Amino acid sequence: MKFEELPKLKIGTYESQIPLLLGGMGVGITRSRLASAVANEGGMGVIAAVGIGMYEPDFNKDNAAANLRGLRKEIGIMRKLTKGVVGVNVMYALTNFENIIATCLEEEADLIVMGAGMPMRLGDSISAEQIRSGKTRFVVIVSSARAANLIFRAWERNYDYIPDAVVVEGPRAGGHLGFKKEQINDPDFALEKILPEVVSVVNTYGDKHQRKIPVIAAGGIYTGEDIYNIMTLGADGVQMATRFIGTYECDASEEFKRSLIDCTEEDIEIITSPVGMPGRAIRNTFIDEVKLGHRMPFACPWKCLKTCDYATAPYCIALALVNAEQGKMNKGFAFVGANAPRVKSIVSVKELIDELKLEYEAATIQALTGEPALIKIKPADTTV
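Presented here is an overview of the structure given in this document. Please read all numbers here as calculations on a predicted model, not as lab measurements.

The rules we used
- Residues numbered from 1 in each chain as written.
- Predicted model: local features only at pLDDT ≥ 70, side-chain atom pairs only at ≥ 80, totals over all residues.
- Heavy atoms only, no water.
- Pairing = 2+ DSSP bridges.
- Helix = DSSP H or I, 4+ residues; strand = E, 2+ residues; numbered from the N terminus.
- Axes fitted to C-alpha atoms, helices over the stretch in contact; angles between N-to-C directions.
- Contact = heavy atoms within 4.5 Å.
- Buried < 20%, exposed > 50% of the residue type's maximum accessible area, 1.4 Å probe, protein only.
- Core = buried A, V, L, I, M, F, W, Y, C linked by side-chain atoms within 4.5 Å.
- Phe/Tyr/Trp six-rings, centres within 6.5 Å; stacked < 30°, edge-to-face > 60°.
- Lys NZ or Arg CZ within 6 Å of the ring centre and 35° of its normal.
- Parallel < 35°, antiparallel > 145°, perpendicular 65-115°, else oblique.
- Left-handed = near helix turned anticlockwise from the far one by under 90°.
- Nonpolar A, V, L, I, M, F, W, Y, C, P; charged D, E, K, R; others polar.
- Right-handed = clockwise from strand over helix to strand, strands pointing away.

It is worth spelling out the sheet that holds strand S6 (residues 111-115) at this point. Pairing is parallel across the open sheet formed by 8 strands, whose spatial order is S3-S11-S10-S8-S7-S6-S5-S4. In the strand order of this sheet, the two ends are held by strand S3 (20-22) and strand S4 (45-48), each with one partner. When strand polarity is set aside, the average angle formed by the axes of neighbouring strands in this sheet is 25°. In this fold helix H2 (residues 63-81) packs onto S4 and strand S5 (86-91), with an angle of close to 155° to the strand it touches most, S5.

Bringing helix H7 (residues 224-231) into the picture now. Burial in H7 covers these residues: Gly-224, Ile-227, Tyr-228, Ile-230 and Met-231. In the core, the buried residues of H7 are packed alongside helix H6 (191-209), strand S10 (215-218), strand S11 (237-240) and helix H11 (349-369).

Turning our eyes to something else, we now look at unusual backbone geometry. With the exception of glycine, the majority of residues adopt a negative phi angle, and the majority of peptide bonds are in the trans configuration. Of note, the phi angle at Val-27 is positive, near 55°, even though the residue is not glycine. As for its placement among the helices and strands, Val-27 is situated in the loop between S3 and helix H1 (32-40). Residue Val-27 is classed as buried on the basis of its relative accessible area, which comes to 6%. If you check the backbone angles, Gln-210 has positive phi at about 55° while not being a glycine. As for its placement among the helices and strands, Gln-210 is situated in the loop between H6 and S10. A relative accessible area of 76% places Gln-210 in the exposed class.

Strand pairing in a sheet relies on backbone hydrogen bonds, with the paired strands running either antiparallel or parallel. Strand order in the open sheet formed by 3 strands is S9-S13-S12, and the pairing between neighbours is antiparallel. Since the sheet does not close on itself, it has two edges, and those belong to strand S9 (175-176) and strand S12 (268-272), each with one partner. Sheet topology note: the S12/strand S13 (residues 278-282) ladder contains 5 bridges and is antiparallel. Along S13, the bridge assignment pairs Ile-268 with Ile-282.

In this section: the nonpolar core. If you look at the biggest cluster of nonpolar residues, it comprises 126 residues, and the most contacted ones within it are Leu-122, Phe-244 and Phe-333. Ranked by residue count, the leading element in this core is H6, at 8 residues. Sequence-distant contacts of Leu-122, defined by excluding residues within four places in its chain, comprise Phe-97, Glu-98, Ile-101, Met-114, Ile-131, Phe-138, Trp-155 and Tyr-159.

We now examine the pairing of S5. Of all 6 residues that make up S5, 6 are buried, and the element is covered over most of its length. The side-chain alternation of S5 yields two buried faces, one formed by Val-86, Val-88 and Val-90 and the other by Gly-87, Asn-89 and Met-91. Here S4 runs beside S5; their pairing, made up of 4 bridges, is parallel. Bridging from a neighbouring strand, Ile-47 pairs with Val-88 of S5.

Turning next to the packing of aromatic side chains. Within the structure shown, the criterion is met by 8 aromatic pairs. Judged by centre distance (5.7 Å) and plane angle (65°), the rings of Phe-138 and Trp-155 are edge-to-face. Taken together, the residues Phe-138 in strand S7 (residues 137-142) and Trp-155 in helix H5 (residues 145-159) connect sequence positions 17 residues apart. Given the relative accessible area of 0%, Trp-155 is considered buried. Residue placement shows Arg-243 over the ring face of Tyr-222; its charged tip is 4.3 Å from the ring centre.

Within the fold, Asn-89 resides in strand S5. Apart from residues no more than four positions distant in its own chain, Asn-89 is found in contact with Gly-24, Val-46, Ile-47, Ala-48, Ala-49, Val-113 and Ile-141.

Packing of H7 against H11 leaves a shortest axis separation of 6 Å and a crossing angle of 50°. Viewed along their axes, H7 and H11 adopt a mutual orientation that is oblique. Here H7 runs over H11; the crossing is right-handed. Across from Gly-224, Glu-225, Ile-227 and Tyr-228 in H7, the residues of H11 making contact are Leu-356, Glu-359, Tyr-360, Ala-363, Thr-364 and Ala-367. Each residue belonging to the contact of H7 with H11 can be placed in one class, and the counts come to 6 nonpolar, 2 polar and 2 charged.

Turning to helix H3 (residues 97-106), a few remarks are in order. Of all 10 residues in H3, 7 are buried; the element is thus mostly enclosed. Every buried residue belonging to H3 is among Phe-97, Ile-100, Ile-101, Ala-102, Thr-103, Cys-104 and Leu-105, and all of these are buried. Turning to H3, the residues buried within the fold contact H2, S5, S6, helix H4 (128-133) and S7. Count one or two residues on from H3 and you reach Glu-108, which has phi positive near 55°.

Quick look at the pairing of S10 now. Of the two faces of S10, both are covered, the one formed by Val-215 and Ala-217 as well as the one formed by Ile-216 and Ala-218. Pairing of S10 with S11 involves 3 bridges; the strand directions are parallel. Across the sheet, the residue bridging to Ala-218 is Gln-239, located in S11. In terms of handedness, the path from S10 via H7 over to S11 forms a crossover that is right-handed.

Below, the structure written as structure tokens:
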């Protein structure tokens, strides 16, 4: 069996050559350059909307307007760079969530991937007709079968429609996690455990509506063998994010990438974000100072997250992530997945995806023959 025989990932009318959706890493990490590179190699490219206007001149004065303008620009740039799938990741927790959704619809993004909350409704200005008949298809991120059921039931009631795909994200993912701290290392909440449960719920709704709703596995997917193994459990594809930080095309600063390459297992830490959720990050002096109780003074010009109490927060999560993206690691930190310490070099997106293909093919050969397959992977450049 060869990698080419692997089923393509299809969401609505959009189809990718490989079953890979780029995970949206916000505040400037996944923008048009990285997203288009992934799309050009056969995956589905995704731009992260949160903080995307950071390089607009009025970002600190009119954050919402700057982000919407930045989003339009990035979608436009990506359209010029690729003929592949153009997706946008949108956090439900954002105060201007509805305006971002409206902008994505106006710009006719191929996909809207929604996480960081339970998007039961997209806002009063978004009609059922727009959702059902437009060019854009909708993907929801969940961390349990219960969440999937609640969202699908709400969409049936509100729109007479169901989401077009589901990403089920396990506790080994990066950034904010949809789990309690005590659940993160509990085997009952592992991706391999929750994936079949989500697949079962989603298939029930798909059968009811006579549609195939793909389920995409995320959180801890690192190699082609990982892709093979998780797809044997019922996934239609995978979402990967952290590993793509270690590419030339990633839009993050070189200092941000270096923090990933230099990190060890001991550096990966579960922190409590100012928004009240656990998150996985690379420990550094900034995080250490917060743990010691030091408050990082800030004014809140953005009011970007619904759940953030900026009056009592020890630091501004948005500012910390902006600083990190720009390379000021002493004033921020990097959100990463559990496999971050395995990234030890910078490669091109093409090299990374070619490696995943070889690893997947080796896994299929071993599964069919019982014998390990030898693969040769070109040594990567370690220069950052």
